[in-house]
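Here is how the chains run, residue by residue.
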Amino acid sequence: PRASFARQMLAPLLIAGGCALLQRPRLLQASAPQSLRLAASPLAQVPAAAPAPAAAQPPASSGKKGKGRLNIRIDDEWYDLTNWRAAHPAGTHWIDAYNNSDATEVMYAFHSDKAISMFKRLPNSRAPPEGIAPPSASTYAFRELRQRLVEEGWFKIHPLGELQKLAPWSAVTAAGVWLARRSGFWSAFAGVVCLAIGNSLAGWLSHDYVHGRQPFAWAMRGFGELIGGMSTTWWSNKHNMHHALTNEVGYDEDIALDPALHLWAPDPRHDTLPWLRQWQHVYWPLPYSILFLYWRFDSIRYVLKDKKWGEAARLAAHWAAFSALVPFRLLLASVWLSGLITATIVTVTHQSEEIFLGDTLRKYDFVEAQFRSTRDAKCNNWFSDVLWGGMQWQLEHHLFPTMPRYRYPALSKVLAQFASENDLTYRVTGEFKIIGDNVALLKKIGQGPQQPGNPNSEPLFKQV
């Protein structure tokens, strides 16, 4: 017998509410509300003519004994993380990637207030690397901007803002469940569309909670497994490198799409399907649409391999609950469609921008690299604003990932002014044109010549 409408409407909300109860507390990671303590480490004076940062050296070691030291610069101080790297809760991969480099912006962007307060306890480098250029003038200006935003409360969450994020997901998911359980083709079709949109919105919410460093975000972190169907630890490990080294070939797995899709001219050795490449601007929705199915499979494999039993239990609860609520074939169809929606949104703001390889690999400091590799999308209506889930403000998010997304519209004006004052380009394009620009890039690369010497996208550091 069909469940009552009221039960169907309440089910997703009850699942979401349970995530806080099933989520194990992380005593070592819990923190006070986001703040920045740059006052404890005063900003160094900007050099009279700060040169552009030198290209970061590829890591000289993995940090293991006998293979060199792992030196990282934070706030103009060099630290030796050789013996500490393995204790890092988020893994070693992106720390290794910043060997002999300045990691100040990345360290502040991702860490909680408690973790930031521990920076000064790290061991100082006895023999810091020589010849590393100081941060650029725009980088020092960015640090001052971040300090000001923290002091003005931009990183604090607002209850109404959080409710406004949850409301569209709960409404469209409940509608999808109700429609999918009705008979008839059009009801099933509408149910799949609603469930797909709901799954994409759940992905944006999970993304917010993983990035968040407030107690509320930690309490809701289990939302990613219970509702999104993906391991939050697996996703975080993968996603951190994308944030830290956006569009850097060999580091950012989000641009590692070959041989299915090529974003730069391939070397003949790596162009395994040249006859297929010329059609990539036509078939691109197919590999995009399997995104969530692939991620969900990887999540299950990861939690079992690494014995993340809490996350495994929540993933099992996700599949059990949604399979009970929705016919399984429609559930799979909605995940497939959601993959297409989400992959399109998350890729178009990066992949048609500057991709760093060869002479430009690791050439720019963090701030300039983000402005060069990221473009905002201007949404034209309220539905698009909801569907994009804050990813239309991609630059704002990459520079300030722990800031609540409902502050990004106001922040965009601040960043546009910052760009004009620091010889940077603030990039924004309409939501449909930016998709068209990406398709045009796929066609250009697909039908263009090969380029001997170009690398493939195999990562230097396998994150998970």
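Source: prediction; values computed, not measured.

Rules used in this analysis
Residues numbered from 1 in each chain as written. Predicted model: local features only at pLDDT ≥ 70, side-chain atom pairs only at ≥ 80, totals over all residues. Heavy atoms only, no water. Helix = DSSP H or I, 4+ residues; strand = E, 2+ residues; numbered from the N terminus. Buried < 20%, exposed > 50% of the residue type's maximum accessible area, 1.4 Å probe, protein only. Contact = heavy atoms within 4.5 Å. Areas by Shrake-Rupley, 256 points an atom, 1.4 Å probe, with all protein chains shown as cover. Salt bridge = Lys/Arg side-chain N within 4 Å of Asp/Glu carboxyl O. Expected span 1.5 Å × (residues − 1). Patch = residues over 30% accessible without salt bridge, like charges linked within 9 Å, V, L, I, M, F, W, Y side chains within 5 Å.

**Q** What am I meant to see in the overall build of the protein chain here?
**A** Looking only at helices and strands, the protein chain features 21 helices and 5 strands. By residue count, 55% of the 464 residues in the protein chain fall in the buried class. Summarising the internal contacts of the protein chain: among those between residues at least 6 apart in sequence, 77% fall at separations of at least 24. For the protein chain, the exposed area adds up to about 20,900 Å²; of that, 62% sits on carbon and sulfur atoms.

**Q** Which parts of the structure should I look at to understand the pattern of salt bridges?
**A** Pairs may arise between side chains of opposite charge once their charged atoms sit close together. Summed over the entire model, instances satisfying the criterion amount to 20 salt bridges. One salt bridge in this structure joins arginine 143 and glutamate 105, with 2.6 Å as the shortest N-O distance. Of the two residues, arginine 143 sits in helix H5 (residues 137–151) while glutamate 105 sits in helix H3 (residues 104–110), which places them 38 residues apart along the sequence. For arginine 143, a relative accessible area of 4% corresponds to the buried category. Glutamate 105 sits in the buried class, given a relative accessible area of 9%. The network of salt bridges with common partners includes Glu353, Glu354, Glu368, Arg372, Arg375 and Arg427.

**Q** Would you mind showing me how to read H5 here?
**A** An α-helical turn contains 3.6 residues, so any two residues separated by three or four positions project in the same direction. Spanning 15 residues, H5 covers 22 Å between terminal C-alpha atoms, matching the ideal 21 Å at 1.5 Å per step. Every buried residue of H5 is accounted for by Ser138, Thr139, Tyr140, Phe142, Arg143, Leu145, Arg146, Gln147, Leu149 and Val150. Once H5 finishes, glycine 153 follows within two positions and takes phi at roughly 85 degrees, a positive value.

**Q** Would you mind going over the environment of methionine 241 with me for this structure?
**A** Along the chain, the position of methionine 241 falls in helix H10 (residues 232–244). Owing to a relative accessible area of 0%, methionine 241 belongs among the buried residues under this scheme. For the pair methionine 241 and aspartate 252, spaced 11 residues apart in the sequence, the C-alpha separation amounts to 5.9 Å.

**Q** Hey, could you run me through a nonpolar patch on the surface in this one?
**A** Where nonpolar side chains cluster on the molecular surface, the patch consists of Leu286, Ile290, Leu293, Phe328, Leu332 and Trp336 and spans about 540 Å² of accessible area. Locating leucine 286 in the fold gives a position in helix H13 (residues 285–289). Looking at leucine 286, the relative accessible area reads 56%, which means it is exposed.

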